[in-house]
Amino acid sequence: MPSAMSQWLCVLVQTPSHAKLGSVLSYRSESALAPGTLVRVPLGQRDTLGIVWDPDSVQASGELDPGKIRTIAASLDGIAPLDSSWQQLVTFAAQYYQRSLGEVALAALPSQLRDITPAQLQRRLKRNKTPVTAPAKQVPPVATIEKAESAEREPSAEQTSAINQIQRFTGPFLLFGATGSGKTEVYLRCVELLLASEVSAQALVMVPEINLTPQLEARFRQRFVGSYGADAVVSLHSGMTHAQRLKSWLGAHSGNARIVLGTRMAIFASMPNLRLIVVDEEHDPSYKSSEGARYSARDLAIYRGRQMGAKVVLGSATPSLESWQHSRPAAEGGRYLRLHMPSRIGAAASAEMPLVRRVDMNHQPRNAVFSIPLLAAIKDRIARGEQSMVFLNRRGYAPVLHCSECGWKSECPNCSAFRVFHKIDRTLRCHHCGFTERVPRSCPTCGNPDIAPQGRGTERIEEHLAELLAEVRRPGTSSEGYPLGEPVRVARIDADTTRHKGDLQSQLAAVHAGDVDVLVGTQMIAKGHDFRRITLVAAINPDGALFSSDFRAPERLFSLLMQAAGRAGRDASLGSNSEVWIQTFQPAHPLYAALKRHDYPAYAMLQLQEREQAGLPPFTAQALVRAEARTQELAQAFLDAARDAVHSDMAHWDGWADLLSQITLYSAVPMSIQRVANIERAQMLVESPSRSALQQFLTGWHAVLHATRQLPVGKGVIRWAVDVDPLAI
Ligand SMILES: [Zn+2]
Ligand SMILES: [Zn+2]
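**Q** Any chance you could break down the packing of helix H6 (residues 157-168) against helix H7 (residues 183-197) for me, citing the residues and the numbers?
**A** A pair of packed helices can be characterised by two numbers: the angle between their axes and the separation between those axes. One way to put it is that H6 packs onto H7 with a least axis distance of 10 Å and a crossing angle of 40°. Relative to H7, the element H6 is oriented oblique. Once H6 is placed against H7, the crossing between them reads as right-handed. Contacts from Gln-159, Ala-162, Ile-163, Ile-166 and Gln-167 of H6 reach H7 at Glu-185, Val-186, Arg-189, Cys-190 and Leu-193. Across the contact of H6 with H7, the residue classes tally to six nonpolar, two polar and two charged.

**Q** Now, about the pairing of strand S1 (residues 7-12): what can you tell me, with residues and values included?
**A** Inspection of the sheet shows S1 paired to strand S2 (residues 24-29) by six bridges, in the antiparallel sense. Looking at the pairing, Gln-7 lines up with Ser-29 of S2.

**Q** Give me the lowdown on H7, citing residues and values where you can.
**A** Compared with the 21 Å implied by 1.5 Å per residue over 15 residues, the 21 Å span of H7 between its first and last C-alpha is a close match. Here H7 has its buried residues at Lys-183, Glu-185, Val-186, Tyr-187, Leu-188, Arg-189, Cys-190, Val-191, Leu-194 and Leu-195.

**Q** Can you break down unusual backbone geometry residue by residue, with the values?
**A** The linkage connecting Gly-171 with the following residue, Pro-172, adopts the cis geometry, with an omega of 0°. In this structure, Pro-172 sits in the loop between H6 and strand S6 (173-177). At His-598, a position not held by glycine, the phi torsion is positive, near 50°. Relative to the helices and strands, His-598 is located in the loop between helix H17 (590-596) and helix H18 (600-614). For His-598, a count of 19 C-beta atoms within 10 Å corresponds to the partly exposed category. Positive phi, close to 50°, is recorded for Asp-725, a residue that is not glycine. Among the secondary structure elements, Asp-725 is positioned in the segment after strand S28 (717-724). Assessed through the 20 C-beta atoms surrounding it within 10 Å, Asp-725 is described here as buried.

Conventions we followed
- Residues numbered from 1 in each chain as written.
- Chains lettered and ligands numbered in written order.
- Predicted model: local features only at pLDDT ≥ 70, side-chain atom pairs only at ≥ 80, totals over all residues.
- Axes fitted to C-alpha atoms, helices over the stretch in contact; angles between N-to-C directions.
- Helix = DSSP H or I, 4+ residues; strand = E, 2+ residues; numbered from the N terminus.
- Parallel < 35°, antiparallel > 145°, perpendicular 65-115°, else oblique.
- Left-handed = near helix turned anticlockwise from the far one by under 90°.
- Contact = placed C-beta atoms within 7 Å.
- Nonpolar A, V, L, I, M, F, W, Y, C, P; charged D, E, K, R; others polar.
- Pairing = 2+ DSSP bridges.
- Expected span 1.5 Å × (residues − 1).
- Buried ≥ 20, exposed ≤ 12 C-beta atoms within 10 Å, placed from the backbone.

In short, geometric facts, not functional conclusions.
Have a look at this one:
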């Protein structure tokens, strides 16, 4: 028994995955510490960060001999304990996504906290306490804010209606607003009203990509720093240094930061007075983590909002089908309130939505990359001094190199995938494992010197377009050097051109400055950037997604094309000429027909009907179990054994027969890219019409999977993991 002088504590730590130890360990402490307190504890040979946890809510594992229980090394006194709502969020996320509590909780903290000593922390806290410039007038009179607004910031009737409903009802809300309808202004106003009405209230505003945070941060700073001080607005995303992240995190945790802007990871920020959560572009797949605990920040936002009594606003021009379905009328079972803003505002208000043109590639010259009318339309833009944007969802020069003599292809030796040809540095690069080699001078199999690229990536499109436009001259640029005028400027933006910090910003700046006539890129350029002078957007080969094995591919294509269409014609003076070009072999496809009408609701209805008939989400709940092993047989055998145990073992558990009747387990299959870096990968799909049944099943099955791993059939497995609500199957 612990003596009066020493307390037993349950402490969450991050143990190596698959270690025998659980992630909740027992320690001794001289004083009682509240749950949520950050501590340093000895683990093996070293000290590690831990979080004191409520012993009633968890089962500590590890050392059972009281004599061997070690004493905590220190507590991080400068940081107030993480509150119970944060503890609940982490507990829920760990349970729902089937990960250990310690892993989820520790990963939710800024990584610098893991290495910091109490003394270092004290110094850091002292430094952060340097007097806040312009101490916040806590409640700025609303009238002065209003006065400061310029006329163009006056919200439209649609915006006002959305803002009023968000004030009046509890939500959650789906803000369904066209590109250019001013969703950000609605977020700003809701935050403004919140901060003005509640002295310590905090707001969390999430965006899908780091690229989008500087623009958003600038707008929020401009709006709020004057009234609330420079520390009131902080960012949290992976593009920041560890020190910056810790500073932002501490600001949010202490309540000094009233507004946190961030990407997916920000959903775990400790915000004791959180009252409003905004998830912008809620349909974006980057809200779902693709490693570790595969959580969805959007879905956790809904949980966190309900649990803390915070309002949640999901915003999108093309909502996810899940959110669309949740926001059907309440009478039909909808749980979110849908707010519609169909009209563009500001400079774009008088601009019509761009005209969508479908080019039937069946009637174009064989192997044409650019159809004749599209090329003519691009030349028209150049002649008028306007810009065009061409996108293709594949980077590199060509997806594969090919020998026509013997059929050799540039396969990756480590993966079941081809290495992509990058012409700029003449390499073959595997986009899955990173394996990179110089392009061979001749075919490695038969010696044929004539190995040729097959297919096209953005790099090749850029080159091809420059050739096609080589004779074209820009109007009004003739000079001594260029008597006929200057050549057309083609530029490219994709993951390869933006490797270094600042690359993207400078390349975007060149587009904005008008230094580019035709911009080529991946979907990266279709998202979020406000190109005022682009009047033509072309998707040159989007058909692949229509026939993808991934049932979500069409939804993503539609959303991408709608977003790309939103890039065009933001400037009213040019808007009437704006066009979106789709080169397709399926011109009559309903997806393109709905796109032509800019009709998301019609498209969503169609897709939802298909999903319902096929028994796919959101009408069914899914989880995937993935296993990796040296051979495909080993990976599949493990999964199949775990499935067999469901019938031979779990079916006899008390009361489980009923539950199992609601669960469908499919056979183990290879993943779509079955081998990466010489590891074979297999997966098994689990489905249920009931989300709670699936949850209950997974929790029980987890122990079975662990046990199966210990059997001979599990010995060859390198790792396995569960992905709940997977985005790609
Ligand atoms: Zn060959
Ligand atoms: Zn590879």
